[in-house]
Amino acid sequence: MLVLAHISDLHLDGSTRATERAERVRDRLWRLPGRVDALLVTGDIADHGAEAEYEEAARILGLRGGDAPPFPVLTCPGNHDSRAPYRKALLGRPAAEGPVNSVRVLDGGAVLMCDSSIPGSDEGALDDETYDWIEATLDGLDEDVPALLAFHHPPAALHHPLPDAYPLRRPDRLAALLESRPRIAGLVTGHAHTAAATVFAGRPLVVGPGVTWTLRLPWEGEQVADRDAPVGLAFHVLDDAGRLTSHFRVVT
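It should be emphasised that the depicted structure is a prediction, and the values quoted were computed from it without experimental measurement.

Engineer: Any chance you could break down a nonpolar patch on the surface for me, citing the residues and the numbers?
Structural biologist: Among the surface-exposed residues, Leu 162, Tyr 166 and Val 224 lie close enough to one another that they form a single nonpolar patch of about 220 Å² accessible area. Along the chain, Tyr 166 turns up in the loop between α5 (161-164) and α6 (171-180). Among the residues examined, Tyr 166 registers a relative accessible area of 34% and is labelled partly exposed.

Below you can see the structure in the form of structure tokens.
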């Protein structure tokens, strides 16, 4: 059984508010009394893509300095992120502009963190390089290892005009990949700032809540961003039958 914590959309911008909210959820996760195998952070880690914002993220997440995490921290970029400073300041790697993709094989499954960002655009896409990487990575796994794909932009409509205006392009290509790859147990995304669960191409699609603010749905009122809502997080369980179950929590 694989147990994953999941946060998204920290939008660190140097403000006390953004820092405090990120540290609040970090403190809750670092002090969990039971087993968690990894933390997923699905994009929009920085608000402006500035190097200083990633330096702060690295400290908060314990990647360099700060309190060391009790489990691996897995990240992918969002539309507010910038690949070169993301690589340099968050990951400690040479700055480069290509897609930031990574895989972690854990006891119970593999997590593929995929880059759905398009430099200069708020929309998302998995480009040819990323699709080739996904295929090669899946081919390199043992036959009995299930996999989760994690990226920023949901590939399905969430019935709010804001996130639905900046979707993942070419969802049909992702659907074809899922059809040919039964070992992919589900998709985990962010971007929408609202906890949501649906199905895409026959697989679970789970959208993590936002750390910085929560999206108000059309029937909840005209105000789009609820900045007073508590910080949200999710826990995902991939069991031995390959079934994905998600639980949502708030941190007050």
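Engineer: Before we move on, can you summarise helix α3 (residues 83-90) with the specific residues and values?
Structural biologist: Burial runs high along α3: 7 of the 8 residues are buried. By the burial criterion, the buried members of α3 are Arg 83, Ala 84, Pro 85, Tyr 86, Arg 87, Ala 89 and Leu 90. Where α3 terminates, the next one or two residues include Gly 92, which has phi positive at roughly 70 degrees.

Engineer: Provide a residue-level description of the packing of helix α4 (residues 128-139) against α6, including the pertinent values.
Structural biologist: Two elements in contact, α4 and α6, have axes separated by 12 Å at closest approach and are oriented at 10 degrees. It follows from the interaxial angle that α4 and α6 lie roughly parallel. Residues Asp 128, Tyr 131, Ile 134 and Glu 135 of α4 touch α6, and the partners they reach there are Arg 173, Leu 174 and Leu 177. A breakdown of the residues in the contact of α4 with α6 according to their chemical character gives 4 nonpolar, no polar and 3 charged.

Engineer: Describe the sheet that holds strand β3 (residues 73-76), naming the residues involved and giving the relevant values.
Structural biologist: On the basis of which strands lie adjacent, the open sheet formed by 5 strands has the order β3-β2-β1-β14-β15 and mixed pairing. This sheet does not close on itself; its edge strands, each paired only once, are β3 and β15 (244-251). In this sheet, adjacent strand axes meet at a mean angle of 25 degrees when their direction is disregarded. Looking at chain direction, strand β14 (residues 231-238) and β15 are connected through 8 bridges and run antiparallel. Paired with Leu 233 across the strands is Arg 249, a residue of β15. Across the sheet, helix α1 (residues 16-30) is in contact with β1 (2-7), β2 (38-42), β3, β14 and β15; its angle to β14 comes to roughly 35 degrees.

The rules behind the values
Residues numbered from 1 in each chain as written. Predicted model: local features only at pLDDT ≥ 70, side-chain atom pairs only at ≥ 80, totals over all residues. Heavy atoms only, no water. Patch = residues over 30% accessible without salt bridge, like charges linked within 9 Å, V, L, I, M, F, W, Y side chains within 5 Å. Areas by Shrake-Rupley, 256 points an atom, 1.4 Å probe, with all protein chains shown as cover. Salt bridge = Lys/Arg side-chain N within 4 Å of Asp/Glu carboxyl O. Helix = DSSP H or I, 4+ residues; strand = E, 2+ residues; numbered from the N terminus. Buried < 20%, exposed > 50% of the residue type's maximum accessible area, 1.4 Å probe, protein only. Axes fitted to C-alpha atoms, helices over the stretch in contact; angles between N-to-C directions. Parallel < 35°, antiparallel > 145°, perpendicular 65-115°, else oblique. Contact = heavy atoms within 4.5 Å. Nonpolar A, V, L, I, M, F, W, Y, C, P; charged D, E, K, R; others polar. Pairing = 2+ DSSP bridges.

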